[in-house]
Amino acid sequence: ILLAETETTSSARPLEPKESVQEIEEWRQKGEKMSLLLVLISVVVGMVGLLLRWNEVRYGRRGNVRLPPGTMGWPLFGETTEFLKEGPSFMKRKGLRYGRLFRTHILGCPTVACMDPELNRRMLLQGESGGLVPGYPQSMLDILGRNNIAAVHGPLHRAMRGAMLGLVHPAAIRASLLPKIDAFMRSHLDGWSGCVVDVQAKTKEMTLLSALNQIAGITAGPLSDALKTELYTLVLGTISLPINLLGTRYYQGLQARKKLVSMLEQMIVERRSSIQAHDDMLDALLRSGDDGAREKLSDEQIIDLIITLIYSGYETMSTTSMMAVKYLSDHPRALQDLKREHLDIRKGKSSEEAIDYEDFKSMAFTRAVCRRSN
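Conventions we followed
Residues numbered from 1 in each chain as written. Predicted model: local features only at pLDDT ≥ 70, side-chain atom pairs only at ≥ 80, totals over all residues. Heavy atoms only, no water. Helix = DSSP H or I, 4+ residues; strand = E, 2+ residues; numbered from the N terminus. Buried < 20%, exposed > 50% of the residue type's maximum accessible area, 1.4 Å probe, protein only. Contact = heavy atoms within 4.5 Å. Phe/Tyr/Trp six-rings, centres within 6.5 Å; stacked < 30°, edge-to-face > 60°. Core = buried A, V, L, I, M, F, W, Y, C linked by side-chain atoms within 4.5 Å. Axes fitted to C-alpha atoms, helices over the stretch in contact; angles between N-to-C directions. Left-handed = near helix turned anticlockwise from the far one by under 90°. Nonpolar A, V, L, I, M, F, W, Y, C, P; charged D, E, K, R; others polar. Expected span 1.5 Å × (residues − 1). pLDDT = per-residue confidence, 0-100. Patch = residues over 30% accessible without salt bridge, like charges linked within 9 Å, V, L, I, M, F, W, Y side chains within 5 Å. Areas by Shrake-Rupley, 256 points an atom, 1.4 Å probe, with all protein chains shown as cover. Salt bridge = Lys/Arg side-chain N within 4 Å of Asp/Glu carboxyl O. Polar contact = N/O pair within 3.5 Å; in protein donor to acceptor, adjacent residues only side chain to side chain. Pairing = 2+ DSSP bridges.

Identification of the chain as Cytochrome P450 85A1 from Aegilops tauschii subsp. strangulata is taken from an unreviewed UniProt entry.

The following block contains the structure:
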């Protein structure tokens, strides 16, 4: 027993003075590092709080007008990350928290969002807002061009709007647009038969090819593939923060615009040097103003107008088409009613006979589906 006690005592001997001092010094250094880390965290949290508060105060008022409730997020970035990540759910979440009228900061712009249909109709569509001027994200304005219809006002806006409306007036729809769209869709949809398709990818491709065909007579091939690549990049650039740094979507969108402008300039040169007539929108724009009825557009204005037409048609129509397919897949009865309406229209027509404008106007249920899908 004494031997065991002696061994235990000797194995549990106290640390030498040198070892104790060294251990104490290590603990002291660790404590200083932890204190410094806590101080840095406190400073960062404080700065973050001040930045967020400064951004809220900065955009909380405009003169004597108090803006609607909401949050502005970070300086410069705002709430763009949440907006791009959540999509429509972002607006729904904000609407549930702040009501149908709220403020936010997205795509580099302080923004007031209105989710009240009646207020939008009176203030925007009927012009009851007085001096209200439509605004768009800076990235969209830069990439679509300084002459796009969303960026201009006054006489130039009227001239650009007149040129656009001249392309889609009722006579043009009856004589040219509707027959061309019908022929394109017949040809394009034949390639979908008997295979599984990605609806989202196919509706985007279909809409873009249809727009290119209508605007400049471009069919599927190397040119349409090159334009498609740049247009997809351009679209992504318009919904990004306007930070022109290598690798950002905004930078890539600007580069895509330069390539598109170069392609369209070459097409305009070829059209002017050709004696062949082309029944498309590009020819109509190049001839616009020759009769003195309206102001003649410059090549730069025509290019910006074409890019805007492709962009606006591509975004809206591809999304509506995709959502219509989704809606019909979820509602088999609606799909049957839609089929019945179209089969009734096809009665008395040959398989190759196109639908006409009267057929188009009779598609009441089809238009209802499109409105429901939006």
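Enquirer: Help me out: how do you make sense of the overall build of the chain in this one?
Expert: Along the chain, the regular secondary structure elements total 16 helices and four strands. Among the 374 residues that make up the chain, the fraction classed as buried is 33%. Taking all contacts inside the chain whose residues are at least 6 apart in sequence as the whole, residues at least 24 apart take part in 56%.

Enquirer: Even after reading the chapter, I still don't get the packing of aromatic side chains, so can you show me in this structure?
Expert: For any pair of aromatic rings, the description rests on two quantities: the centre-to-centre distance and the angle between the ring planes. For the structure shown, the criterion picks out two aromatic pairs. Residues F83 and F90 carry aromatic rings whose centres are separated by 5.8 Å and whose planes lie at 80° to one another, so their mutual orientation is edge-to-face.

Enquirer: I'm lost on the nonpolar core in this one. Help?
Expert: Note that soluble globular proteins tend to have their nonpolar side chains buried in a common cluster. Core analysis: the largest hydrophobic core is formed by 41 residues, its most contacted members being L234, L282, L285, I302, L305 and I306. Taken together, the elements giving at least two residues each to this core come down to α6 (138–144), α7 (154–167), α9 (199–216), α10 (222–238), α11 (249–273), α12 (281–287) and α13 (299–330). If one sorts the elements of this core by residue count, α13 sits on top with nine residues. Sequence-distant contacts of L282, that is, excluding residues within four places in its chain, are made with I215, A216, M267, I268, R271, I302 and I306.

Enquirer: In this structure, what is going on with the packing of α9 against α13? I would like to understand it.
Expert: When two helices pack together, their arrangement is captured by the angle between the axes and the distance separating the axes. Direction vectors running N to C along α9 and α13 enclose 145°, while the axes themselves pass 8 Å from each other. Crossing of α9 over α13 shows right-handed handedness. Counted together, V199, Q200, T203, K204, M206, T207, L208, L212 and I215 of α9 and I306, L309, I310, G313, Y314, M317, S318, S321, M322 and V325 of α13 form the full contact between these two elements. Residue classes in the contact of α9 with α13 are distributed as twelve nonpolar, six polar and one charged.

Enquirer: Explain unusual backbone geometry here, please?
Expert: Glycine aside, residues mostly have negative phi angles, and peptide bonds mostly take the trans form. In this structure, L107 is a non-glycine residue whose phi angle is positive, near 55°. Within the secondary structure, L107 sits in the loop between β3 (101–106) and β4 (109–114). A residue is classified by how much of its surface remains accessible, and L107, at 5% relative accessible area, is buried.

Enquirer: Whenever I open this one, helix α14 (residues 332–346) confuses me. Can you help?
Expert: One full turn of an α-helix is made of 3.6 residues, so residues set three or four places apart face in the same direction. With 15 residues, α14 should reach 21 Å at 1.5 Å per residue; the first-to-last C-alpha distance of 21 Å fits that figure. One or two residues past the end of α14 sits G348, with phi positive at roughly 85°.

Enquirer: Help me out: how do you make sense of the confidence of the model for the chain in this one?
Expert: Keep in mind that low pLDDT regions are not for reading the predicted coordinates in detail. A residue-level look at the chain finds 86% of positions with pLDDT of 70 or above and a mean pLDDT of 81. Within the chain, α11 carries the highest mean pLDDT (93), whereas helix α1 (residues 2–11) carries the lowest (44). Across residues 1–12, where pLDDT falls below 50, the model places zero contacts with residues more than four positions away in sequence or in other chains.

Enquirer: It is not clear to me how a nonpolar patch on the surface should be interpreted in this structure. Could you clarify?
Expert: A contiguous nonpolar surface patch, about 490 Å² in accessible area, is contributed by M34, L37, L38, I41 and V45. On the secondary structure map, L37 appears in helix α2 (residues 17–58).

Enquirer: Got a minute to help me understand the pattern of salt bridges in this structure?
Expert: Close approach of charged atoms allows side chains of opposite charge to pair. Scanning the entire structure with this criterion turns up 18 salt bridges. For R93, the salt bridge is made with E86, and the minimal N-O distance between the two is 3.2 Å. R93 sits in the partly exposed class, given a relative accessible area of 38%. In this structure, E358 and K361 form a salt bridge, with 3.6 Å as the shortest nitrogen-oxygen distance.

Enquirer: Explain the side chain of T80 to me, please; I cannot follow it from the model alone.
Expert: Looking at the element boundaries, T80 is found in helix α3 (residues 80–86). A distance of 2.8 Å separates a polar side-chain atom of T80 from the backbone nitrogen of L107. Residue contacts for T80: discarding those within four places in its chain leaves H105, I106, L107, G108 and L241.

Enquirer: Teacher, can you tell me more about the pairing of β4 here?
Expert: Every regular strand shows the same layout, with side chains that alternate between the two sheet faces. Pairing analysis gives six bridges linking β3 to β4, with the strands arranged antiparallel. Bridge assignment links R103 to a residue of β4, and that residue is V112. Linking two consecutive strands that pair antiparallel, namely β3 and β4, is a turn of two residues; a positive phi of about 55° is found at L107 within it.

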